[in-house]
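An overview of the molecular structure
Read off the chains here:
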Amino acid sequence: IATGDWSSDVCSSDLRTAIVNIDTLSDYFEDGEYVDIDAMKARIPFFDRRATYVKVLARGFLTKTLEVEADVYSMEAAKMILLLGGKVIVTIKE
């Protein structure tokens, strides 16, 4: 369950999930930027630096065109990214 802008929970011993909302992406990234887990860790002050898995949810509004790479998206978050001309990239874990 997400509290505020993010939450982390351990899904397995190696997988740590961080949840990010699209309004947060809009606040911390510029139009046209590529956003992945490393960029989120570097830019979003409250993002879990130990996270290995990212869920993007649709709270708020997206005001920029972004290329977002994450592990999973809510349908609404993916639609918002795509409708603004951005890209939704699903991370492939090995």
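The structure displayed is predicted, hence computed values, not measured ones. (Residues numbered from 1 in each chain as written. Predicted model: local features only at pLDDT ≥ 70, side-chain atom pairs only at ≥ 80, totals over all residues. Heavy atoms only, no water.)

1. As for the sheet that holds strand 5 (residues 67-70)
- Taken in spatial order, the three strands of this open sheet run 3-5-7, and their pairing is parallel. Strand pairing shows two members of the sheet lacking a second neighbour, strand 3 (34-35) and strand 7 (87-90), which therefore form its edges.
- Summarising the sheet, strand 5 and strand 7 pair through four bridges and their orientation is parallel. Within strand 7, the residue paired with Ala 70 across the bridge is Val 90.
- Across the face of the sheet, helix 3 (residues 75-83) comes into contact with strand 5 and strand 7 while running at roughly 135 degrees to strand 7. (Pairing = 2+ DSSP bridges. Helix = DSSP H or I, 4+ residues; strand = E, 2+ residues; numbered from the N terminus. Contact = heavy atoms within 4.5 Å. Axes fitted to C-alpha atoms, helices over the stretch in contact; angles between N-to-C directions.)

2. Structural notes on the pairing of strand 5
- Burial along strand 5 is one-sided: Val 68 and Ala 70 are buried, and none of Glu 67 and Glu 69, which face the opposite way, are.
- For strand 3 and strand 5, the ladder comprises two bridges, and the chain directions are parallel. Across the sheet, residue Tyr 34 finds its bridge partner in strand 5, namely Glu 67. (Buried < 20%, exposed > 50% of the residue type's maximum accessible area, 1.4 Å probe, protein only.)

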